[in-house]
Amino acid sequence: MRVYDFGSGRTDPGSFPTEALAEAASEAVREVGAELVRYPGDMGHLGLREIMAAREAKREGIEVPVEHVALMNGSMQAVTLVAEALMQGSDDIIVTEELTYSGTIGAYKSLGAELVGVPLDEEGMRVDALADTLEQLHRKGTPPRFIYTLTTYQNPTGSMMPKARRLELLEVARHYDAIIVDDNCYGDVHFEGVQEPSLYALDDSPNIIYIGSLSKILGPGVRVGYMVARPPMLARLLDRRHDGGNSVLAASICAAFFRDRLWSHIAMTNAILKDKRDAVFAGLAESVGDICTWSRPVGGMFIWVNFPEDVDRNHLMALCAERNIMVARGRSFHIHYEDVPALRLAFGFASLQDIRDGVPLLGQCIQMARTQASVLA
Ligand SMILES: Cc1ncc(COP(=O)(O)O)c(C=O)c1O
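Some words on the overall build of the protein chain
Now for step 1: Tallying secondary structure elements over the protein chain gives 13 helices and 15 strands in all.
Now for step 2: Relative to the 2.2 N^0.38 estimate, which gives 21 Å for 377 residues, the radius of gyration of the protein chain is 21 Å and therefore close to what a compact globule would have.
Now for step 3: Once the C-alpha set of the protein chain is aligned to its principal axes, its extents read approximately 70 × 60 × 35 Å.
Now for step 4: Taken across its 377 residues, the protein chain has 47% of its residues classed as buried.
Now for step 5: Contacts in the protein chain between residues far apart in sequence, at least 24 positions, make up 78% of those at least 6 positions apart.

Here you go:
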């Protein structure tokens, strides 16, 4: 039976550059050779760090010294390492958007952190609410260890924080002397309009920690990401690293692959993803345009679909399962797992045809799961 996989943030398998990567692998292994008998160390393969520093510098229009870039086994390692390094005990507070990446929620909760949520709108984290939250936490004598935020192509909502709000956020964080973790895992998965500057580019304080990844421009199976921070923060974070470093094998292959084709590869994959996003928009408009609203992300891999309160979420998930439709239930992204009337639709992995056929099918499921609709029928 056909599967409609709109579940997780994966890249397009049809355009995965298998042959070019195989060539890069053979080149890379010859290049690094017996270097592989050594442990990589905290920073990782220099060649890839240089390419990623140049990537960030070009997009952000700032200088990014290679000494500030440390490779990670996926950006998730950076997300976790930051908490391990900055938390001082369990019950420490971390401030995040009320809706955020489920992996981060799981990781921080398992480290014993208490997540305090800030509401967000179509422009990301609401800075007025952040200021209130920080004020209250300071008054109680429990300032957060850091603020974790997804300012760009927010997961799950797809929101994009405009520059003006970014500057306000930095101002508030500075006022409360708060560290900010800016997770830009989807950086460069951009379809149209302005690319807003990262918090790291707008503020040269060591209190801004920036996280990047190759997962969304190549594939999460590669497990290569990175963390960028200025001294003395980077050393403080790496002090808690005990894994021997990021795979030089994986990093050297990525370096050989991306050396001359980073931007052309990104342009190719973004064009495919943009078509898929547009096909989701069309399918939603056709099937649930009368009852749902959804985000209009200019990048990333997710569309956040808000449905009416009377949609029975358990029934909806059962109907989807019967039809082999995989989507992420809204509550997985709520820091307290509140059953919000929404779902996250990922459009990177499914084929264009599966999106054209599957999204209207998902729409039907939403219509069928309405309790009032069944009363009326
Ligand atoms: C916001 C965010 N951060 C981090 C990650 C982890 O990605 P990586 O594969 O680079 O570890 C993801 C994966 O979906 C994500 O959405």
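More follows now that the structure is in view.
Considering the site of the ligand
Now for step 1: Around the ligand there are 15 residues in total, and G74, S75, M76, S213 and S215 lie nearest to it.
Now for step 2: Tallying contributions element by element places helix α3 (residues 75-86) first for the shell around the ligand, with three residues.
Now for step 3: Its residues placed into classes, the shell around the ligand shows six nonpolar, eight polar and one charged.

Re the pairing of strand β10 (residues 225-228)
Now for step 1: The alternating pattern of β10 places G225 and M227 on one face and Y226 and V228 on the opposite face, and all of these are buried.
Now for step 2: With four bridges joining them, strand β2 (residues 69-72) and β10 adopt antiparallel strand pairing. Residue pairing in the sheet places L71 in a bridge with Y226 of β10.
Now for step 3: Of the pairings in the sheet, the one linking strand β9 (residues 208-213) to β10 comprises four bridges and is antiparallel in character. Bridge assignment links S213 to a residue of β10, and that residue is G225.

Some remarks on the domain arrangement of the protein chain
Now for step 1: When cut into domains, the protein chain gives domain 1 (4-15 + 263-376) and domain 2 (18-262).
Now for step 2: Just the C-alpha atoms count here: the centres of domain 1 and domain 2 sit 26 Å apart.
Now for step 3: Listed by partner, the interface residues are 26 residues for domain 1 and 29 residues for domain 2.
Now for step 4: Only α10 (262-288) and β12 (302-306) provide two or more residues apiece to the side of domain 1 that touches domain 2.
Now for step 5: Looking at the side of domain 1 that touches domain 2 element by element, the count peaks at nine residues for α10.
Now for step 6: Residue composition of the side of domain 1 that touches domain 2, grouped by class: 11 nonpolar, 11 polar and four charged.

Overview of the packing of α10 against helix α12 (residues 352-368)
Now for step 1: Direction vectors running N to C along α10 and α12 enclose 30°, while the axes themselves pass 8 Å from each other. Compared by their axis directions, α10 and α12 come out roughly parallel. In the packing of α10 onto α12, the handedness of the crossing is right-handed. Counting all contacts with α10, which are made through D275, K276, A279, V280, G283, L284, E286, S287 and V288, the residues of α12 involved are L352, I355, R356, V359, P360, G363, Q364, I366 and Q367.
Now for step 2: Among the residues making up the contact of α10 with α12, the classes are represented as nine nonpolar, five polar and four charged.

Quick look at the environment of R236
Now for step 1: Tracing the backbone through its elements, the reader meets R236 in helix α8 (residues 233-238).
Now for step 2: Taking the C-alpha atoms as reference, R236 lies 23 Å from E171; in sequence the two are 65 residues apart.

As for the environment of V298
Now for step 1: Note that V298 resides in the loop between β11 (293-294) and β12.
Now for step 2: On the basis of neighbour count, V298 is assigned to the partly exposed category, with 19 C-beta atoms found within 10 Å.
Now for step 3: Spatially, the C-alpha atom of V298 lies 7.8 Å from that of G158, the residues being 140 residues apart in sequence.
Now for step 4: Contact partners of V298, with chain neighbours within four places excluded, come to M160, H190, F191, E192 and G193.

With respect to the sheet that holds strand β8 (residues 180-183)
Now for step 1: One open sheet holds the seven strands; their spatial order is β2-β10-β9-β8-β7-β3-β4, and the pairing between them is mixed. Looking at which strands have only one partner, the edges of the open sheet turn out to be β2 and β4 (114-118). Across the sheet, the mean angle separating the axes of adjacent strands is 25° when strand polarity is ignored.
Now for step 2: Against the sheet, helix α2 (residues 46-60) engages β2, β9 and β10, with an angle of about 115° to β2.

Concerning unusual backbone geometry
Now for step 1: N155 connects to P156 through a cis peptide bond whose omega is 20°.
Now for step 2: Residue position: P156 is located in the loop between β7 (146-149) and α6 (163-175).
Now for step 3: Looking along the chain, the bond that leaves P231 and enters P232 is cis, with omega of 5°.
Now for step 4: Position of P232 relative to the elements: it lies in the loop between β10 and α8.
Now for step 5: Phi is positive for D177, which is not a glycine, with a value near 55°.
Now for step 6: Position of D177 among the secondary structure elements: in the loop between α6 and β8.
Now for step 7: Here the phi dihedral of R223 falls at roughly 55°; this positive angle occurs in a residue that is not glycine.
Now for step 8: With 19 C-beta atoms packed within 10 Å, R223 lands in the partly exposed category.

Thresholds applied
- Residues numbered from 1 in each chain as written.
- Predicted model: local features only at pLDDT ≥ 70, side-chain atom pairs only at ≥ 80, totals over all residues.
- Helix = DSSP H or I, 4+ residues; strand = E, 2+ residues; numbered from the N terminus.
- Rg over C-alpha atoms; globule rule 2.2 N^0.38 Å.
- Buried ≥ 20, exposed ≤ 12 C-beta atoms within 10 Å, placed from the backbone.
- Contact = placed C-beta atoms within 7 Å.
- Near = placed C-beta within 6 Å.
- Nonpolar A, V, L, I, M, F, W, Y, C, P; charged D, E, K, R; others polar.
- Pairing = 2+ DSSP bridges.
- Domains from an automatic or database assignment.
- Axes fitted to C-alpha atoms, helices over the stretch in contact; angles between N-to-C directions.
- Parallel < 35°, antiparallel > 145°, perpendicular 65-115°, else oblique.
- Left-handed = near helix turned anticlockwise from the far one by under 90°.

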